[in-house]
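Each chain, written out:
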Amino acid sequence: MAHAAPGAAISPAFIDQVRGRLAAVTVPHFIDGRWSPGVRNETFETLDPSTNRPLARVFRGHVEDVDRAAIAAHRAFGSWRRLPPKSRKRHLLQIADGIEKHGDELATIECLDAGQVIRVIRAQIARAAENFRFYAEYVEKAMDGRTYPVGEEWLNYTVRVPVGACGIITPWNSPLMLSTWRIAPALAAGNTVILKPAEWSPLTAWKLAEIIQEADLPPGVFNVVQGFGEEAGAALVTHPLVPLITLTGETSTGSIVTKAAADQLKRVSLELGGKSPSVVFADADLDRALDGTVFQIFSLNGERCTANSRVLIERPIFDEFVARLAERTRAVEVGHPLEPATEVGPLIHPEHRDRVLSYLEIGRREGASVIAGGTAWGTEGNYVSPTLLSGTNRMRVAQEEIFGPVLLAIPFTDEADALAQANDVRYGLAAYLWTGDVGRAHRMALGMEAGMTWINSHNVRHLPTPFGGMKHSGTHREGGEYAFEFYTELKHIAVPLGNHAIPQFGKRQEG
Ligand code: NAD
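Source: prediction; values computed, not measured. (Residues numbered from 1 in each chain as written. Predicted model: local features only at pLDDT ≥ 70, side-chain atom pairs only at ≥ 80, totals over all residues. Heavy atoms only, no water.)

### Remarks on the site of the ligand
For the ligand, the set of nearby residues contains 29 residues, the closest of which are Thr170, Lys196, Glu199, Thr253 and Glu401. Separating an oxygen atom of the ligand from a backbone N or O atom of Thr170 is a distance of 2.7 Å. Note that an oxygen atom of the ligand is positioned 3.2 Å from one of the backbone N or O atoms of Gly229. Sorting the residues of the shell around the ligand by element identifies α8 (229-238), β11 (244-248) and α9 (251-262) as the ones contributing at least two each. Here the shell around the ligand gathers at least three residues from each of two domains, domain 1 (12-272 + 474-492) and domain 2 (277-455). (Near = heavy atom within 4 Å. Polar contact = N/O pair within 3.5 Å; in protein donor to acceptor, adjacent residues only side chain to side chain. Helix = DSSP H or I, 4+ residues; strand = E, 2+ residues; numbered from the N terminus. Domains from an automatic or database assignment.)

This is how it looks when you write it as structure tokens:
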């Protein structure tokens, strides 16, 4: 397929070519190095969120398909973990090259399937490749352990070993980037993978499997089972050959998965929902606070776990800052995801659009003021106007994750009030602080119940840093070396260097 230059718009002819391919196939599972329609041969439809017309048909996996994938991944684990690290590293680098080589196709599919806009998705494709490059560098050092000499008599040491077949379950909002972020460290550590993508945006997982096939990984090392959460997802969570599950999704799903995995005492990492605050003090650089806050709610169509969906504003600047937010909110460019100028595209699915719109109704009923937006946008697809509400932190629109382009402005009186309101939600994923006072910035950051806090910045993530949430936003940290705490088993080994005394039970005393 032809490729547009990086940064350029994708040509209509290329988009048509991709659409044609999607219309022509039924997207299969990828199990044990082969494409498979699945045992039951059932399919489901994925929609183009800009029109809600069908985009592709996808095979719908069930317990039998998960079973085949789990057996394949379990079998492949034995040889993949023993592959010389140099070879494993080469495979990961080949996957990164493949993602870049097929970048335009991946970007087009992601925009068409997930409704995310091309200007954001291009950066995410680059990040997906970077994830493999980053973790490829760890292959030869991921198994590093520590030594604990005890005097001259003992040597204790630790090693990290892979766990086995990993079940990776991903959401629909950033399917490719979020899956690579887990697949790369899992494979780097010597595990094998079964990916279950979300049923509302399953298509880039298929393309990724093609790329991984081109990178010549041994059969069974990477598998994709398509399908629904309650079917393929649930089967993966309870499969006895899958000892480790990582789920990125809603908090309620995290709770279901944790319970389902409990009987087998599986290791479960959860990256869940958020209701993150942007806290704007009067002494902040307000232009930058405005840019950061507007970007951090409307990027990814507001379907972003780390979105600052609440903006807490110090009272003396509340009216002025809300007026500036409203002006910017009204000016956000809504449109087709593949238009380079578009900033906000359609929401993933009509059901999700209706859910987001229902929250606007709930907000109105609770007494929130609609300052900008507040309605569906356009005549087709799942578009919702970028929306600014003003209200209080006790409203449902402040407490519950809406996962759409909806920002709620809330006033605060002082630092203590800001901290109390920021923390007064069940979530604890991210926080954004805007202030010119260094001491206050750090005091607030320390007090913030959030896994990640950015001071005077939107979410700029560096790959070596930990990612994850507190409270109902998650249980583990992934990212950087922290990923290996999850994707490996830590073993301690002890060896005496001489003949230390061993208590002699059962040996009769002489004389
Ligand atoms: P979701 O929980 O509905 O689905 C996530 C995945 O879980 C999907 O693949 C789904 O099929 C699967 N699933 C659903 N029920 C299951 C079950 N019973 N057993 C096994 N698997 C099951 O979430 P979503 O609607 O796809 O994504 C949006 C949510 O994801 C939001 O809450 C968002 O905040 C969260 N999210 C969190 C992060 C993070 O890193 N913290 C990142 C992105 C999205």
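### Points about helix α10 (residues 286-298)
Taking 1.5 Å of rise per residue, the 13 residues of α10 would be expected to cover 18 Å, and the 18 Å separating its terminal C-alpha atoms lies within 8% of that figure. Every buried residue of α10 is accounted for by Leu286, Ala289, Leu290, Gly292, Thr293, Val294, Gln296, Ile297 and Phe298. For α10, the elements touching its buried residues are β13 (277-280), β14 (310-314), α11 (315-331), β16 (387-390), β17 (406-412) and β19 (430-434). The N-capping residue of α10, defined by a side-chain oxygen 3.2 Å from the backbone nitrogen of Asp287, is Asp285. Phi for Leu300, located one or two positions after α10, is positive at around 55 degrees. (Expected span 1.5 Å × (residues − 1). Buried < 20%, exposed > 50% of the residue type's maximum accessible area, 1.4 Å probe, protein only. Contact = heavy atoms within 4.5 Å.)

### Let's talk about the domain arrangement of the protein chain
Parsing the protein chain into structural domains produces domain 1 (12-272 + 474-492) and domain 2 (277-455). Each of domain 1 and domain 2 was reduced to a C-alpha centroid, and the two centroids are 31 Å apart. Every contact between the two is made by 28 residues of domain 1 and, on the other side, 32 residues of domain 2. Interface area for domain 1 against domain 2, summed over the two sides, is near 2,400 Å², with a carbon-plus-sulfur share of 60%. Taken together, the connections running from domain 1 to domain 2 amount to 2 salt bridges. (Buried area = accessible area lost by both parts, 1.4 Å probe. Salt bridge = Lys/Arg side-chain N within 4 Å of Asp/Glu carboxyl O.)

### A closer look at the nonpolar core
Ranked by size, the top nonpolar core spans 64 residues in total, and within it Ile95, Ile99, Phe132, Ile183, Leu187 and Phe222 carry the most contacts. Take this core: its biggest share by element is 9 residues, from helix α5 (residues 118-136). Beyond its immediate sequence surroundings of up to four residues, Phe132 is in contact with Leu92, Ile95, Ala96, Ile99, Thr180, Ile183, Ala184 and Leu187. Core analysis: the next-biggest nonpolar cluster, separate from the first, contains 35 residues, Leu178, Leu286, Ala430 and Phe467 among them. (Core = buried A, V, L, I, M, F, W, Y, C linked by side-chain atoms within 4.5 Å.)

### Some remarks on the environment of Gln296
Mapped onto the secondary structure, Gln296 falls in helix α10. Sequence-wise, Gln296 and His458 are 162 residues apart; in three dimensions their C-alpha atoms are separated by 6.2 Å. Sequence-distant contacts of Gln296, defined by excluding residues within four places in its chain, comprise Arg304, Thr306, Ala307, Asn308, Tyr432, His458 and Asn459. A polar side-chain atom of Gln296 sits 3.1 Å from the main-chain carbonyl oxygen of Thr306.

### Section: the packing of aromatic side chains
According to the stated counting rule, one finds 14 aromatic pairs in the structure shown. Ring geometry for Phe134 and Tyr135: centres 5.0 Å apart, planes at 90 degrees, overall edge-to-face. Just as Phe134 is buried, Tyr135 falls in that class too. Seen from their ring centres, Tyr138 and Phe484 are 5.4 Å apart, and the 55 degrees between their planes marks the pair as tilted. One end of the pair, Tyr138, is in the loop between α5 and β6 (147-150); the other, Phe484, is in helix α16 (residues 482-487), and 346 residues separate them in sequence. The residue whose ring lies beneath Arg182 is Trp181, and the NZ or CZ to ring-centre distance is 5.0 Å. (Phe/Tyr/Trp six-rings, centres within 6.5 Å; stacked < 30°, edge-to-face > 60°. Lys NZ or Arg CZ within 6 Å of the ring centre and 35° of its normal.)

### Quick look at the sheet that holds strand β22 (residues 488-496)
The sheet built from 3 strands is open, its strands ordered β6-β7-β22 with antiparallel pairing. Each edge of the sheet is formed by a strand with only one pairing partner; in this case those strands are β6 and β22. Ignoring which end each strand starts from, the neighbouring axes of this sheet average 20 degrees apart. Here 4 bridges tie β6 to strand β7 (residues 154-162), and the two strands are oriented antiparallel to one another. Residue pairing across strands places Pro149 opposite Leu155, the latter belonging to β7. (Pairing = 2+ DSSP bridges. Axes fitted to C-alpha atoms, helices over the stretch in contact; angles between N-to-C directions.)

### Quick look at the sheet that holds β14
Hydrogen bonds along the backbone pair up the strands of a sheet, which may run parallel or antiparallel. Here we have 7 strands laid out as an open sheet, ordered β15-β16-β17-β14-β13-β19-β20, and mixed in their pairing. In this open sheet, the two edge strands, each paired with only one partner strand, are β15 (369-372) and β20 (452-455). If you compare each strand with its neighbour and ignore which way they point, the axes differ by 25 degrees on average. As paired elements, β13 and β19 share 3 bridges and run parallel to each other. In the strand pairing of β19, Ser278 is matched with Tyr432. Running over the sheet, α11 touches β13, β14, β15, β16 and β17 and is turned about 140 degrees from β14.

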